[in-house]
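# Structural description and commentary
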Amino acid sequence: MSRPRRDPRTERAARLLPGGTRPRLTLKAAPLDHFRRRDPRELRLRARVPGTARPRFDWTRDVQALASPAAAAVPVASFVPGPIRIEEPAFWVLAVLDQTAGGLDETDRRLLSVARRFAGSTGGVVALCNPDPELATAGADRVVRWPEAAMEPVALETRMAAASVLIQALQPRHVLLSDDPVAGGDMARRLAARMGERLAADIASLTAANDSQPARVGRKAAGGREEWLQVAPLLMTVAADAFAVDEQDLREARMIEPPAIDVVVPRLRDFRLLPVDPEHLPLDETDFIVSAGNGVTDFAAFADVAAALGATRAGSRVVCDAGHLPREKQVGASGTVVTARCYLAFGIAGAPQHLQGITGVRHVIAVNTDLHAEMVKRADLSIIADAQRVMPALAQLARERME
Amino acid sequence: MSAAGFRIVVLLSLGRHPVSGRARRNPLDARALEIGLRLKAAAPGVDLQALHAGDPTEPALRDYLGQGLDKLTVLDLPADHDPVQALMAAVIARQPDLVLAGLRAEGSEDSGLLPYCLAEALGHALVPAVTALDIDGASATITQALPRGRRRTVQVDLPLTVTVAEAAPAPASIAFARARKGRIEIMAAAGQPDPLLAALDRRPWRQRPRPMPVRKKGSAVDRLREMTGATEAQGRVLIDPDPREAAKAILDQLSAIGTIRVSQEPRREKAGDDRPSLLEKDP
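Residues numbered from 1 in each chain as written. Chains lettered and ligands numbered in written order. Predicted model: local features only at pLDDT ≥ 70, side-chain atom pairs only at ≥ 80, totals over all residues. Heavy atoms only, no water.

This part covers the packing of helix α8 (residues 299-309) of chain A against helix α12 (residues 387-401) of chain A. All names here are of chain A. Two numbers describe how α8 lies on α12: the axes approach to 9 Å, and their chain directions differ by 25°. One finds that α8 runs roughly parallel with respect to α12. The interaxial crossing formed by α8 with α12 has left-handed handedness. Between α8, through Ala-301, Phe-302, Asp-304, Val-305, Ala-307, Ala-308 and Leu-309, and α12, the contact on the second element is made entirely by Met-391, Leu-394, Ala-395, Ala-398 and Arg-399. A breakdown of the residues in the contact of α8 with α12 according to their chemical character gives 10 nonpolar, no polar and 2 charged. (Axes fitted to C-alpha atoms, helices over the stretch in contact; angles between N-to-C directions. Helix = DSSP H or I, 4+ residues; strand = E, 2+ residues; numbered from the N terminus. Parallel < 35°, antiparallel > 145°, perpendicular 65-115°, else oblique. Left-handed = near helix turned anticlockwise from the far one by under 90°. Contact = heavy atoms within 4.5 Å. Nonpolar A, V, L, I, M, F, W, Y, C, P; charged D, E, K, R; others polar.)

Printed below as a string of structure tokens:
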């Protein structure tokens, strides 16, 4: 069957507007039967609400008109799904979060992400934590807040009692904690000793459960020379470098009642943070790095600004090659891959190898003369200026205003 | 510190060199022993006892003696037996005021659970990741190693079990003569084969590539950009500002992140950082 032949002359005659000396054509010609392409102008005209001075459009009105062949390709207003709700999960996975920085950090997100992998599509994830608005996007189906008495930093025993009461009530299939030896790892071992359970410490691999077999976990053992694989037990801690933080669907994060507990008198008391010299911290441990690149020539001012801000000094490969900084201060693919929370880069253009080294950094501030440098694209705040002028000003202002 | 009758028990395990696989001192237990030996040297009345569960004929055990220990008590147990019960009985019999152990063993399950089981059985308070210990009467002031190189101090009453972190002072080197002179006392011990060890699959450890997150959306180009962090600028850009103004912008940003504290403008954009931390109170 051949396509009906178009006659351009009759089409043109149909669009000709009457009157006037010069021929005027309308654009509002009726679509031809075979003309199946979407005509936005036509759709817009049909959706126009008549009788208002300002153009108003009602895209839901006049469905009949939209049902014409020309309108068949009109997209329906996209359906925005709500959070995923799991009312009666097949089992629970409990994640006890550290929240050492107050809000949700990388460790807590990783824990929830691994818990989600354990839960699959049928299980539910419960987070025992301080409520946080980001829990719903991090993968928590339910949230249990710590009881008021467990909020004190020294109240380790009360937190442990709260966790064990919740485990009793909820009967989760797995309980996940972080591997931090003074936070989640400590709590996991306390729980294991109290409950008489074995602990799978620092799991590094996970095979999710399926119909035929339960979830299995692997971990480093025998002094780091063997991997031990076993059926996932109740209590596990999650190795920090073994799992990435997966992107999660929006979840409900519904609050449920915290367990009623008896307050336990804390045996540890008087926690006090000690001041540390940031200059002597290894780069992969420190939280705040001030870094110099090829754009820095005044290294005295650079050292001064690092001291004023209380940051650890680091440098790019060029700077370390030139001997301005020792080799262990090099950031990048051939140096240290850093995980600091904040990275202040002076005169660094952002070679891919350097950017690889700061992949794990949360906040980047760049001072650079080149507006189009890769580092400027990576940064949350970029100052397009000469580092030699900014560094002394920053050091002075920091000394004036920092507590 | 009231030295007379102050009893310390150090738990020593056998380490395994990560590359050669040869038996050696567990570096964390050696640090725990070092703390014990320093406490003993500071107050001569202290009774320091060292316990090991395993094969008493292992030559690497003498390395602990070479560190300055006079006598090591070994509970004779086969390698696949669970040492918790035997050690628990031995430690309870000694009624120590302080139990020292490394953060974790090296060469077996390495879960770091044993000191917790002992502390639970003895009714001791437990402090993990200790780097320094100062005993004053019936209480102790302890320095703990936190992640990210930070340290904190804790007060706790005796009796006490501590696990010692990597950041504790390095152990003394091994003196050959002391290693020969020290005594190894063998004690018979009862134990059960560990059921977990029979249920395990073992295979050589293989370092895995860096884990990649599961992405729900975005093209391959987006994922690559995200991996290198070179996403398009969402950040603020100040072009050629006055240095003073640039410094103020940087300082404000740092205080908004919560990295530093600025006196005149206590502005905090990040809601998360005002919430209570379960780790510690700032000084």
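Right, let's talk about the interface of chain A and chain B for a bit. The interface is formed by 104 residues belonging to chain A together with 104 residues belonging to chain B. For the pair chain A and chain B, the summed buried area comes to about 9,300 Å², and 56% of that belongs to carbon and sulfur atoms. The largest contributions to the chain A side of the interface with chain B come from Glu247(A), Leu273(A) and Arg401(A), which together make up 10% of the buried area. There are 12 salt bridges connecting chain A and chain B. Between Asp202(A) and Arg104(B) there is a salt bridge; the shortest N-O distance is 3.1 Å. Top element by residues in the side of chain A that touches chain B is α12(A). It accounts for 9 residues. Residue composition of the side of chain A that touches chain B, by class: 49 nonpolar, 16 polar and 39 charged. The pairing of strand β17 (residues 381-384) of chain A with strand β13 (residues 236-239) of chain B spans 4 bridges and is parallel. Looking at the pairing, Ser382(A) lines up with Val237(B) of β13(B). (Buried area = accessible area lost by both parts, 1.4 Å probe. Salt bridge = Lys/Arg side-chain N within 4 Å of Asp/Glu carboxyl O. Pairing = 2+ DSSP bridges.)

Further remarks concern the sheet that holds strand β9 (residues 226-231) of chain A. Here 10 strands make up an open sheet; going across it, the order is β11(A)-β5(A)-β4(A)-β3(A)-β6(A)-β10(A)-β7(A)-β8(A)-β9(A)-β12(B) and the pairing mixed. The two strands at the open ends of the sheet, each matched to only one other strand, are β11 (254-256) of chain A together with β12 (201-204) of chain B. The sheet shows a mean angle of 35° between the axes of neighbouring strands, direction not considered. Across the sheet, helix α4 (residues 106-119) of chain A lies against β3 (92-96), β4 (124-129), β6 (174-178), β7 (199-207), β8 (216-221) and β10 (235-238) of chain A, angled at about 160° from β6(A), the strand it touches most.

Residue and element names in this part refer to chain B. Taken as a whole, chain B shows an average pLDDT of 86; of its residues, 88% reach a score of 70 or greater. This model gives residues 265-276 a pLDDT under 50, and the stretch forms 30 contacts once residues within four places in sequence are excluded. Predicted complex metrics record ipTM = 0.84 and pTM = 0.75. (pLDDT = per-residue confidence, 0-100.)

Our next topic: the sheet that holds strand β1 (residues 7-11) of chain B. With respect to topology, 10 strands assemble into an open sheet ordered β12(A)-β9(B)-β8(B)-β7(B)-β10(B)-β6(B)-β1(B)-β4(B)-β5(B)-β11(B), the strand pairing being mixed. A strand with exactly one partner marks an edge of an open sheet, and here the two such strands are β12 (268-274) of chain A together with β11 (183-188) of chain B. Neighbour-to-neighbour, the strand axes of this sheet turn through a mean angle of 30°, independent of strand direction. As paired strands, strand β8 (residues 139-145) of chain B and strand β9 (residues 151-157) of chain B are joined by 7 bridges and run antiparallel to one another. Bridge assignment links Ser139(B) to a residue of β9(B), and that residue is Asp157(B). With respect to the sheet, helix α1 (residues 27-42) of chain B is in contact with β1, β4 (47-54), β6 (98-102), β7 (125-136) and β10 (160-164) of chain B, its orientation differing from that of β6(B) by roughly 150°.

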